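Commentary on secondary and tertiary structure
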Amino acid sequence: MASALNRVWRLHGDGRTVGPGDVVGPDERLRLANMLGLGAQHVLAMFGATVLVPVLTGFPVTTTIFFSGVGTLIFSAVTRNRVPSYTGSSFAFIAPVVAAKSNGGIPAALGGILCAGAALFAVGLIVDRAGYRVVELLLPPVVTGAIVALIGLNLAPVAKDQFSQEAGIALVTLASILIVGVALKGFASRLSVFLGVAMGYALAAILGKVDWSGVRKADWIGLPDFTTPTFNGRAIVLIVPAVLLVLLAENAGHIKAVAIMTERDLDPMIGRAFMGDGLATSISGLFGGSGTTTYAENIGVMGFTRVYSTLAYVIAGCVAIALGLLPKFGAIISAIPVGVVGGAVTVLFGMIAVLGARIWIEAAVDFRDPVNLVTAAVALIVGAGNYTLSWGDYDFAGIALGTLAAVVMYQVLRRLEPRIERRPPARADGDAQRRAPAPDPRTP
């Protein structure tokens, strides 16, 4: 066993400890006993968000967990074990999948998920051949930040509806998440959503608000519920444009973060990362699981442990597959009361919106530039207000329309900018001063 592992991951140091300032690289590992614990830790980190997506969209929980594990193994293989990432359920799919279900139920939504994965794979193939600069031209920080923020804002009515159905339980869940996340230190604080949901679930069970009938009927061991997709034009249009750009932005951002942490140039692997996540999403959609993305939660765990070994993710993927073979476990998750979910998503959806602002801050986006300002402004309102544009038999709703608006407006207005005369901003002393133009993000 050790010799087989050493052919892919070389042993770091003595295999037991990580020295001060050291990191365990993607192609390294610790002893197998240590790696098993780290892999299980990654399962805990991804668990809360990965489970919430099927709960919110009505998909089978065990199927989604199973294919998150399968997808992680696929991602590792496609990226040649060089990019440490877990592919869990993507929140970008929630609103478009819920909307798509009205055009043919879960099978139609699965068709849209499969097509979204295929589109992501195709983009990854192009990027792998042409270079990452293609993505940087299409998705500068002002656009990616706006897309991420409008997804969170678009989901706010969903959170409000679920919170209000069982406000007391939702409030306890929300408070538990906030207190655990702030008061506890270390890795426990990173599990604040998971622990908060567990506390809310326990309270709901004590109050008799949990329906255990499905749990009693479920088998202990069995295959997940597999569902095959159907292809509906409306469902595809609702899902693919809305999630594709978000998945590109998420994957690229996460790989950049890992590259900084490991001090390795991972830009050449960005195309393969798109391909890996696209293939994982398509396989999941082909058999009944949710769409996937690389997970920031697990990147946080790597930053905390300083262990970036891809072996930890191979182990995490195998553990997730095993959990997907426990129907009773899935039934317990599916029995989570709506109030508990409402409390959790109030935080999670808000965090998605704020993450968009964080992208702007970290990239130092200049909102004195009118192109940046109006691109973000219009996209946010279109997404938050859930604007809908009907074109023949197709409806483009808030997230898809807001995403399209952000991309198209930025590209068009940036090309018109040299022809626009701008007044120099007034200084505090009343004198006018022309500021230097912001660097064009399209310029290398």
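Structure first, text after, so check above.
Residues numbered from 1 in each chain as written. Predicted model: local features only at pLDDT ≥ 70, side-chain atom pairs only at ≥ 80, totals over all residues. Heavy atoms only, no water.

**Structural notes on the environment of proline 337**
Mapped onto the elements of the fold, proline 337 is located in the loop between helix H17 (327-334) and helix H18 (338-362). Sequence separation between proline 337 and glutamine 165 is 172 residues; the distance between their C-alpha atoms is 9.9 Å. (Helix = DSSP H or I, 4+ residues; strand = E, 2+ residues; numbered from the N terminus.)

**With respect to unusual backbone geometry**
Of note, the phi angle at arginine 80 is positive, near 60 degrees, even though the residue is not glycine. Structurally, arginine 80 can be placed in the loop between helix H3 (61-78) and strand S3 (87-89).

**Here's the deal with helix H13 (residues 233-262)**
Residues three or four positions apart in an α-helix share a direction because the helix packs 3.6 residues into each turn. In this model, H13 (30 residues) spans 43 Å end to end at C-alpha, consistent with the 44 Å of a helix rising 1.5 Å per residue. Its side-chain oxygen 2.9 Å from the backbone nitrogen of arginine 234, asparagine 232 forms the N-cap of H13. (Expected span 1.5 Å × (residues − 1). Polar contact = N/O pair within 3.5 Å; in protein donor to acceptor, adjacent residues only side chain to side chain.)

**With respect to the packing of aromatic side chains**
One pass over the structure, following the stated rule, counts 7 aromatic pairs. Summarising the aromatic geometry, the rings of tyrosine 201 and tryptophan 212 are spaced 6.0 Å apart at their centres and angled 10 degrees between planes, so their arrangement reads as stacked. Here tyrosine 201, found in helix H11 (residues 192-206), pairs with tryptophan 212, found in the loop between H11 and helix H12 (213-217); they are 11 residues apart in sequence, far enough to count as distant. On the basis of relative accessibility, which here comes to 11%, the residue tyrosine 201 falls in the buried class. A relative accessible area of 33% places tryptophan 212 in the partly exposed class. Centre to centre, the rings of phenylalanine 226 and phenylalanine 287 are 6.1 Å apart; their planes meet at 65 degrees, and the pair counts as edge-to-face. Of the two residues, phenylalanine 226 sits in the loop between H12 and H13 while phenylalanine 287 sits in helix H14 (residues 270-287), which places them 61 residues apart along the sequence. Take phenylalanine 226: its relative accessible area is 42%, and that puts it in the partly exposed class. Against the face of tryptophan 220 rests lysine 328, its NZ or CZ located 5.1 Å from the ring centre. (Phe/Tyr/Trp six-rings, centres within 6.5 Å; stacked < 30°, edge-to-face > 60°. Buried < 20%, exposed > 50% of the residue type's maximum accessible area, 1.4 Å probe, protein only. Lys NZ or Arg CZ within 6 Å of the ring centre and 35° of its normal.)

**A few points about a nonpolar patch on the surface**
Residues Leu223, Phe226, Leu286 and Phe287 make up a contiguous nonpolar surface patch of about 380 Å² in total accessible area. Looking at where leucine 286 falls in the secondary structure, it is placed in helix H14. Note on leucine 286: relative accessible area 34%, which makes it partly exposed. (Patch = residues over 30% accessible without salt bridge, like charges linked within 9 Å, V, L, I, M, F, W, Y side chains within 5 Å. Areas by Shrake-Rupley, 256 points an atom, 1.4 Å probe, with all protein chains shown as cover. Salt bridge = Lys/Arg side-chain N within 4 Å of Asp/Glu carboxyl O.)

**Here we look at the pattern of salt bridges**
Using the criterion set out here, one finds 6 salt bridges in the structure. Across the salt bridge formed by arginine 264 and aspartate 27, the nearest N and O atoms sit 3.2 Å from each other. Of the two residues, arginine 264 sits in the loop between H13 and H14 while aspartate 27 sits in the loop between strand S1 (10-11) and strand S2 (28-29), which places them 237 residues apart along the sequence. Arginine 368 is the partner of aspartate 366 in a salt bridge, and the nearest nitrogen-oxygen pair spans 3.2 Å. We classify aspartate 366 as buried; its relative accessible area is 15%.

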